[in-house]
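Okay, here's what each chain looks like letter by letter:
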Amino acid sequence: MAPEITLNIRKTFVDRATIAVQLRLPLDPPSVTILFGPSGSGKTTILRCLAGLEQPEEGTISWNGQIWFDAATHVHAPPQARGLGYMAQAYALFPNYTVEGNIAYGLSGLSVQEKKARVNEVLSLLQITQLAQQKPAQLSGGQQQRVALARAIARRPQLLLLDEPLSALDAPTRTKLCEDLRMLLTRLAIPAVVVTHDWTEALALGDQMAVIDEGRLLQTGTPQDVFSRPINADVARVVGIETVLHGRVREIRDELATVQVGPVPVIAVASPGLESDVFVCIRAEDVTLELAGSSETSARNHLRGTVQAITSLGALVRVTIDCGFLLTALVTRSAQSELRLAIDSDVRAAFKAGSVHLIPRR
Amino acid sequence: MNWMAIWVTCKLATLTSLTLLIIGLPIAYWLTYSKWRWKFLIESIVALPLVLPPTVLGFYILIAIGPHSPIGRFYTDLVGHPLPFSFQGLLLASILYSLPFAVQPFATAFEQVDRKLIEASWTLGLSKLKTFIHLILPLSTTGLITGVVLSFAHTLGEFGVVLMVGGNIEGITRTVSIEIYDEVQALNYAAAAKTSALLLLVSYAVLLLVYAMNRRVWSVWPQK
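Residues numbered from 1 in each chain as written. Chains lettered and ligands numbered in written order. Predicted model: local features only at pLDDT ≥ 70, side-chain atom pairs only at ≥ 80, totals over all residues. Heavy atoms only, no water.

Trainee: Go over the overall build of chain A with me, naming the residues and quoting the values.
Mentor: When you go through chain A residue by residue, the secondary structure sums to nine helices and 21 strands. Each principal axis of the C-alpha distribution contributes one length, and for chain A these read about 75 × 50 × 40 Å. Within chain A, the fraction of its 362 residues that count as buried is 50%. Long-range contacts, defined as pairs at least 24 residues apart, comprise 65% of the intrachain contacts of chain A with a sequence gap of at least 6. Each charge sign in chain A was given a centre, from 35 positive and 36 negative side chains, and these centres are 4 Å apart. (Helix = DSSP H or I, 4+ residues; strand = E, 2+ residues; numbered from the N terminus. Buried < 20%, exposed > 50% of the residue type's maximum accessible area, 1.4 Å probe, protein only. Contact = heavy atoms within 4.5 Å. Lys, Arg positive; Asp, Glu negative; His and termini not counted. Charge placed at Lys NZ, Arg CZ, Asp CG, Glu CD.)

Trainee: Which residues make up the pattern of salt bridges, and what are the values?
Mentor: Here the structure, examined in full by the defined rule, presents 17 salt bridges over all chains. Here Glu251 of chain A makes a salt bridge to Arg253 of chain A, at a shortest N to O gap of 3.2 Å. Classification of Glu251 of chain A by relative accessible area gives partly exposed; the value is 35%. On the basis of relative accessible area, Arg253 of chain A is assigned to the exposed category, the value being 55%. Here Arg115 of chain B ties to Glu119 of chain B by a salt bridge, and the two come within 3.7 Å at their closest N and O atoms. With Arg115 of chain B and Glu119 of chain B both in helix α6 (residues 115–123) and four residues apart, the pair spans about one turn of that helix. Here the salt bridges share partners, and the residues they tie into one network are Lys11, Arg48 and Glu54 of chain A together with Arg115 and Glu119 of chain B. (Salt bridge = Lys/Arg side-chain N within 4 Å of Asp/Glu carboxyl O.)

Trainee: Describe the side chain of Thr32 of chain B, with residues and values.
Mentor: Residue and element names in this part refer to chain B. Mapped onto the elements, Thr32 comes out in helix α1 (residues 3–33). Residue classification places Thr32 among the buried residues on the basis of a relative accessible area of 15%. A polar contact of 2.6 Å, which involves the side chain of Thr32, links it to the backbone oxygen of Ala28. Beyond its immediate stretch of four places on either side in the chain, Thr32 contacts Lys39, Ala107, Phe110 and Glu111. (Polar contact = N/O pair within 3.5 Å; in protein donor to acceptor, adjacent residues only side chain to side chain.)

Trainee: Lay out the interface of chain B and chain A with the relevant residues and their values.
Mentor: The partner chain A presents 17 residues to the 17 residues of chain B that form the contact. Here chain B and chain A share an interface that buries about 1600 Å² over both sides, 65% of which is from carbon and sulfur atoms. Summed over the three residues of chain B that lose the most area to chain A, namely Glu119, Thr123 and Leu124 of chain B, the buried surface amounts to 40% of that side. Across the salt bridge formed by Arg48 of chain A and Glu119 of chain B, the nearest N and O atoms sit 2.7 Å from each other. For the pair chain B and chain A, the number of links is six residue pairs in polar contact (both at pLDDT 80 or more). (Buried area = accessible area lost by both parts, 1.4 Å probe.)

Trainee: An account of the sheet that holds strand β19 (residues 326–332) of chain A is requested, with residue identities and associated values reported.
Mentor: Residue and element names in this part refer to chain A. Spatially, the five strands line up as an open sheet ordered β16-β20-β17-β18-β19, and their pairing is antiparallel. Whereas interior strands pair on both sides, the edge strands pair on one side only; in this sheet they are β16 (288–290) and β19. The sheet shows a mean angle of 45° between the axes of neighbouring strands, taken without regard to direction. Examined bridge by bridge, β16 and strand β20 (residues 346–351) share three bridges and lie antiparallel to one another. By the bridge assignment, Leu289 is partnered in β20 with Ala349. (Pairing = 2+ DSSP bridges. Axes fitted to C-alpha atoms, helices over the stretch in contact; angles between N-to-C directions.)

Trainee: An account of the pairing of strand β7 (residues 84–87) of chain A is requested, with residue identities and associated values reported.
Mentor: Regular strands show a simple pattern: their side chains alternate between the two faces of the sheet. All names here are of chain A. Side chains Leu84 and Tyr86 of β7 all project onto a buried face; the interleaved residues Gly85 and Met87 project onto the opposite face, where all are buried too. Here β7 runs beside strand β8 (residues 159–163); their pairing, made up of four bridges, is parallel. In the sheet register, Gly85 faces β8, and the bridge partner there is Leu160.

Trainee: An account of the side chain of Asn301 of chain A is requested, with residue identities and associated values reported.
Mentor: All names here are of chain A. Turning to its location among the elements, Asn301 is positioned in strand β17 (residues 301–313). A polar atom in the side chain of Asn301 sits 2.6 Å from the backbone nitrogen of Ile267. Not counting residues within four places of it along the chain, the set of residues in contact with Asn301 comprises Pro265, Val266, Ile267, Ala349, Ala350, Phe351, Lys352, Ala353 and Val356.

Trainee: So what's going on with the packing of helix α10 (residues 176–185) of chain B against helix α11 (residues 189–213) of chain B? Which residues, and what values?
Mentor: What describes two packed helices is the angle between their axes and the distance between those same axes. Residue and element names in this part refer to chain B. Interhelical geometry of α10 versus α11 gives an angle of 155° and a closest axis separation of 8 Å. One finds that α10 runs roughly antiparallel with respect to α11. By crossing handedness, the relation of α10 to α11 is classed as left-handed. Contacts from Val176, Ile180, Glu183 and Val184 of α10 reach α11 at Tyr189, Ala191, Ala192, Thr195, Ser196 and Leu199. Across the contact of α10 with α11, the residue classes tally to seven nonpolar, two polar and one charged. (Parallel < 35°, antiparallel > 145°, perpendicular 65-115°, else oblique. Left-handed = near helix turned anticlockwise from the far one by under 90°. Nonpolar A, V, L, I, M, F, W, Y, C, P; charged D, E, K, R; others polar.)

Trainee: Account for the packing of helix α5 (residues 87–111) of chain B against helix α8 (residues 141–156) of chain B, naming residues and giving values.
Mentor: Residues and elements named next belong to chain B. Between α5 and α8, the least distance of the axes is 8 Å, while the angle of their chain directions is 160°. When the axis of α5 is compared with that of α8, the two are roughly antiparallel. In this structure, the crossing between α5 and α8 has a hand that is right-handed. Residues Ser94, Tyr97, Ser98, Phe101, Ala102, Pro105, Phe106, Ala109 and Phe110 of α5 touch α8, and the partners they reach there are Gly143, Leu144, Thr146, Gly147, Val148, Leu150, Ser151, His154 and Thr155. In the contact of α5 with α8, the residues fall into 10 nonpolar, eight polar and no charged.

Trainee: Break down a nonpolar patch on the surface for me, with residues and values.
Mentor: There is a patch of nonpolar side chains on the surface, built from Trp30, Trp36, Trp38, Phe40, Leu41, Ile42 and Ile45 of chain B and spanning about 700 Å² of accessible area. If you tally residues by element for the nonpolar patch, the top one is helix α2 (residues 39–51) of chain B, at four residues. (Patch = residues over 30% accessible without salt bridge, like charges linked within 9 Å, V, L, I, M, F, W, Y side chains within 5 Å. Areas by Shrake-Rupley, 256 points an atom, 1.4 Å probe, with all protein chains shown as cover.)

Trainee: Before we move on, can you summarise the environment of Gly221 of chain A with the specific residues and values?
Mentor: Residues and elements named next belong to chain A. The topology assignment puts Gly221 in strand β11 (residues 216–221). Each C-alpha atom of the pair Gly221 and Gln208 lies 5.5 Å from the other, and the pair is 13 residues apart in sequence. For Gly221, the contacting residues outside a window of four places in its chain are Gln208, Met209 and Val226.

Trainee: Mind laying out the environment of Phe106 of chain B, listing which residues take part and the relevant values?
Mentor: All names here are of chain B. Tracing the chain through its elements places Phe106 in helix α5. Exposure remark for Phe106: the relative accessible area of 0% places this residue in the buried category. Spatially, the C-alpha atom of Phe106 lies 20 Å from that of Trp38, the residues being 68 residues apart in sequence. When neighbours within four sequence positions are excluded, Phe106 is seen to be in contact with Leu20, Leu21, Gly24, Leu25, Ala28, Gly143, Leu144, Gly147 and Val148.

Geometry only, nothing functional implied.
Written out as structure tokens, the structure reads:
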């Protein structure tokens, strides 16, 4: 049997949906698994069950054949015995210790020299050597995040559990630290489970991904796969496909389907076994905007419309266009100014047939 | 001023507050972190001395350690003299009487330690005991000092329990508050006034210390 984590748990709550999840996470080669879902979906609770900080009512959790939890036989390995690097959402740095003290905190088994060497090693790995003598209260959010990561990996854990590792940071810091975190995870080669509700983080960090909603596991796969091919409308909603519409397949020719969406025909790549009623999913970043009347492109869909709404998202702008149905596009700020996009301006939206995901309606 | 009474009182208060530091910590820890359904029963017993008249508390302690109780007989057999009207008996009574004044500040301090920090400590491999020593205690110092100081101050001024359990034996169980009572009974107002003023000053100083430490923003000391 390949080394893996198996998790099959059930936990009920008074005020939220019951968590009932079955998961297998491969450990070899070490990979990063994303638990993805909206807040309140139960993903943090699953992570806490893995950490041993919470106990499910039913089920089992095993690590590489070793039983960590079994409700039937009342086995519960405490968090201390699981060899973890756990990072809580707000980092939970010890306010009474310096950065160095925080990192050395879990290294009780080592000699003074070994401890010192290990602390210096992770300090330089995370490029925070200059912060060693500071107290957590003096650090910025990004620095705190690095210290928390350093503390988590200092013990050389066999499993890293990161709960929303980047969500407490501002957007520019987040982008930078997200790249750093990916490089760190690759370099450490420690299996990791990362909880996030941000699809850019999921795409950037994950080798595989599990979509959780209302305590249920909806889909597993590589992040790209899950995002571009959600198996049903629930997944599409959770992973944030921007445009999800009802459609009816009119004809299929040369593996291209013409789908009627309201008054507009949309060309999409037809998957086998397509039914007549479908959800049409178009990711906002797959939609290109151009001025009406420009030349032909390879995109199969060109829809004329008027701009209904414009929302700024930092470097990007989300534009909602009425082209017979409401279509959302994600364009850069410079594109917005070049196209002189404003409310009620005429525009043409283009997207490839391959960017349209048809999900059978049930 | 009766220096002997002051000495007895200080000795009693110091020993009481130090003993409470030792036995109060595990009790407060248990009260804070236990998930036992009937925990409130113990909580109420610990808080009982807050509301019970000292004479009632003293009466029950007297009965419990008296020559007719198993505890009292056991102690007499062991040590050779009975517990009531001895300094040891008075110390035991003081500890019970001041128990909530130590345990409640301790428990409040423990409760204020963020659960996430404790969990982080566990995941870093530290046992519950080590987490208590290395994390919870250092983060609770203010509460610990408050508990010790309050139980010290509370013991300084106790009267009813002392009278019931300790009696009024010069040099052994006669404390400052009893001394003041005796002076007033003897119409010796000047002596009573001096001793009272001393007790007032000490109590005020002690409370100043507690409230100053519990200030969130301490503008006199430089911010660390």
